Amino acid sequence: MTGAVASGPASRSASPGRAVRSRLADLLPALTVFVAVVAVWEVGLVVLGVKQFLLPRPSAIIGALVEEWPVLARGVVYTGLEALGGLVLGVALGTLAAFATARWATARETLMPLAIAASSVPIIALAPIMSAWFSSDNPAARVAIVTLMVFFPVLINTVRGLTDVDPGALELMHSYAAAPVQIVRKVRIPNALPFFFTGLKIAATLAVIGAVIGEYFGGPRYSLGIFITSEAYVFRYPNAWAAILLACLLGIAFYLTILVLERLVMPWHSSQRTTDL
């Protein structure tokens, strides 16, 4: 009995260590592939004699990143704020529209097909129109583009989560004479959270894409979209690739932030549970 009691704390303290080692083991294959791809990219371009204007070496991109960092840092902040503003606005509007659509069947049958059709419109076609509406120098043009891109995946996923509820759970709540507000709060919202965060993760990456594409048609010189196009136009491709790398990292940062938020909001969900080995 004494031995069992003594081994309990030790096993609990060892559990976090095992979890960390398990996560590192899961990340190791991806890191190995990443390092291998970068190494092949660097060495392969030298061996094959590929010109820099076709595809610069990773070392050249990193060098350009360091050299142009003062300008690129301003661009990351500017583009990141545009993406974040559109993301917040699009998520808020999409969530409100989802609750309204899920509440009334007529609205759902009318708006959902329109939302699915509108989400298929290429954003590259809307970007010049938005720039004309808000003026090319106004960041509201890019915020509006990001809002449109974010709105539809949040709307569609949230509506599905609010409506695709287990009938048995609804019958149980009705048997307890639960009010509609109680059913929404205790059944529909918890059921919709996994769907909502799925849409949010899609929206997080689309936000950066929308902001950069919108900047192709207007914005300050240091914004990532303008920087990429202007540097590519004068054949400074390492500089353009450095900006592309930062845009990718910005999208990854948004995505990881959503993952952390998802873990904090719904640790009870099966996707957030870790298996003790």
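Keep in mind that what you see is a predicted model, and the values were worked out from it rather than measured.

### Quick word on the overall build of the protein
And then number 1: Secondary structure assignment for the protein yields ten helices and zero strands.
And then number 2: Walking the protein from its N terminus toward its C terminus, one meets helices and strands in the order α-α-α-α-α-α-α-α-α-α.

### Remarks on the side chain of arginine 142
And then number 1: Note on placement: arginine 142 falls in helix H6 (residues 139-163).
And then number 2: Residue classification places arginine 142 among the buried residues on the basis of a relative accessible area of 0%.
And then number 3: At 3.0 Å, the side chain of arginine 142 and the side chain of glutamate 82 are in polar contact.
And then number 4: Within the structure, the side chain of arginine 142 is placed 3.3 Å from the backbone oxygen of asparagine 138, a separation counted as a polar contact.
And then number 5: In this structure arginine 142 touches Tyr78, Glu82, Ser136, Asp137, Ala211, Gly214, Glu215, Gly218, Gly219 and Pro220, once residues within four positions along its chain are discounted.

### Quick notes on the side chain of serine 223
And then number 1: Here serine 223 is to be found in the loop between helix H8 (180-215) and helix H9 (224-233).
And then number 2: For serine 223, a relative accessible area of 0% gives the class buried.

### A look at the packing of helix H3 (residues 69-103) against H6
And then number 1: It is at 6 Å that the axes of H3 and H6 come closest, and there the two elements cross at 35 degrees. Crossing hand, H3 versus H6: right-handed.
And then number 2: Partitioned by chemical class, the residues of the contact of H3 with H6 number 19 nonpolar, nine polar and two charged.

### Digging into the confidence of the model for the protein
And then number 1: Looking at the protein, the pLDDT average stands at 82 and 86% of residues meet or exceed 70.
And then number 2: In this model, residues 1-14 is a region of pLDDT below 50 whose contacts with residues beyond four sequence positions or in other chains number one contact.
And then number 3: Overall, residues 273-277 carries pLDDT values under 50, and its contacts beyond four positions in sequence, including any with other chains, amount to five contacts.

### Side note on unusual backbone geometry
And then number 1: The phi dihedral of phenylalanine 235 is positive, around 65 degrees, even though this residue is not glycine.
And then number 2: On the secondary structure map, phenylalanine 235 appears in the loop between H9 and helix H10 (237-265).
And then number 3: Judged by relative accessible area, which is 59%, phenylalanine 235 ranks as exposed.

### Here's the deal with the nonpolar core
And then number 1: Ranked by size, the top nonpolar core spans 32 residues in total, and within it Leu72, Leu87, Val91, Val150, Phe197 and Phe254 carry the most contacts.
And then number 2: When contributions to this core are tallied by element, the ones reaching two or more residues are helix H2 (58-67), H3, H6, H8, H9 and H10.
And then number 3: The biggest single contributor to this core is H8, with ten residues.
And then number 4: If we skip the residues at most four places from it in the chain, phenylalanine 197 touches Ile258, Leu261, Glu262, Val265 and Met266.

### Describing H8
Since one α-helical turn is 3.6 residues long, residues separated by three or four positions face the same way.
And then number 1: Over its 36 residues, H8 extends only 45 Å from the first C-alpha to the last, a length that falls short of the 52 Å expected when each residue adds 1.5 Å.
And then number 2: The axis of H8 is deflected most strongly, by about 40 degrees, at arginine 188, and proline proline 190 appears within four residues downstream.

### Considering the packing of H8 against H10
And then number 1: Between H8 and H10, the shortest axis-to-axis distance is 9 Å and the interhelical angle comes to 160 degrees. Taken together, the axes of H8 and H10 are roughly antiparallel relative to one another. Pair H8 / H10 crosses with right-handed handedness. Residues Leu193, Phe197, Leu200, Lys201, Ala204, Thr205, Val208 and Val212 of H8 lie in contact with H10, whose contacting residues are Ala247, Leu250, Gly251, Phe254, Tyr255, Ile258, Leu259, Leu261, Glu262 and Val265.
And then number 2: Classifying every residue of the contact of H8 with H10 by side-chain character gives 14 nonpolar, two polar and two charged.

### With respect to the pattern of salt bridges
And then number 1: Under the criterion given, the structure shown has five salt bridges.
And then number 2: Between glutamate 82 and arginine 142 there is a salt bridge, with the nearest N and O atoms lying 3.0 Å from each other. Residue glutamate 82 is found in helix H3, and its partner arginine 142 is found in helix H6; the two are separated by 60 residues along the sequence. Assigned by exposure class, glutamate 82 and arginine 142 land together as buried.
And then number 3: With its nearest N and O atoms 2.8 Å apart, the salt bridge here joins glutamate 231 to arginine 221. Residue glutamate 231 is located in helix H9, and its partner arginine 221 is located in the loop between H8 and H9; the two are separated by ten residues in the primary sequence.
And then number 4: With relative accessibility at 41%, the residue arginine 221 sits in the partly exposed group.
And then number 5: Residues participating in the shared-partner salt-bridge network are Arg221, Glu231 and Arg236.

Cut-off values and rules
- Every chain's residues receive numbers from 1 upward, in the order its sequence appears when written.
- The predicted nature of this model means local features are confined to residues of pLDDT at least 70 and side-chain atom pairs, given and counted, to a pLDDT of 80 or more, with totals for whole chains, interfaces and linings taken over all residues.
- Note: side-chain values were computed over all heavy atoms of the structure, leaving out hydrogens and water.
- Elements are defined by DSSP. Helices are runs of H or I of four residues or more, strands are runs of E of two residues or more, and each kind is numbered from the N terminus.
- Each residue gets one of three labels from its accessible area relative to the maximum for its type: buried under 20%, exposed over 50%, partly exposed in between, using a 1.4 Å probe on protein chains only.
- We define a polar contact as two N or O atoms separated by no more than 3.5 Å, with the added condition that, inside protein, one atom must be a possible hydrogen donor and the other a possible acceptor, whereas residues neighbouring each other in sequence contribute only through side-chain atom pairs.
- Contact between two residues is taken to exist if any of their heavy atoms lie within 4.5 Å; hydrogens are not considered.
- Lines are fitted to the C-alpha atoms to define the axes, a helix being fitted only along its stretch in contact, and any angle between axes, read from their N-to-C directions, falls within 0 to 180 degrees.
- For any pair of crossing helices, the crossing counts as left-handed if the nearer helix is rotated counterclockwise from the farther one by less than a right angle, and right-handed if it is rotated clockwise.
- Asp, Glu, Lys and Arg are counted as charged, while Ala, Val, Leu, Ile, Met, Phe, Trp, Tyr, Cys and Pro are counted as nonpolar; the rest, among them Gly, fall into the polar class.
- Scored from 0 to 100, pLDDT records how confident the predictor is in each individual residue.
- In this description, a nonpolar core means a group of buried Ala, Val, Leu, Ile, Met, Phe, Trp, Tyr and Cys residues linked to one another through side-chain atoms lying within 4.5 Å.
- Here the expected length of a helix is defined as 1.5 Å per residue gap, with one fewer gap than residues.
- What the bend at a residue measures is the angle between two axes, fitted to the seven residues ending there and to the seven starting there.
- Any angle from 65 to 115 degrees is called roughly perpendicular, while one under 35 is roughly parallel, one over 145 is roughly antiparallel, and all others are oblique.
- Salt bridges are identified by distance alone: a Lys or Arg side-chain nitrogen within 4 Å of an Asp or Glu carboxyl oxygen.

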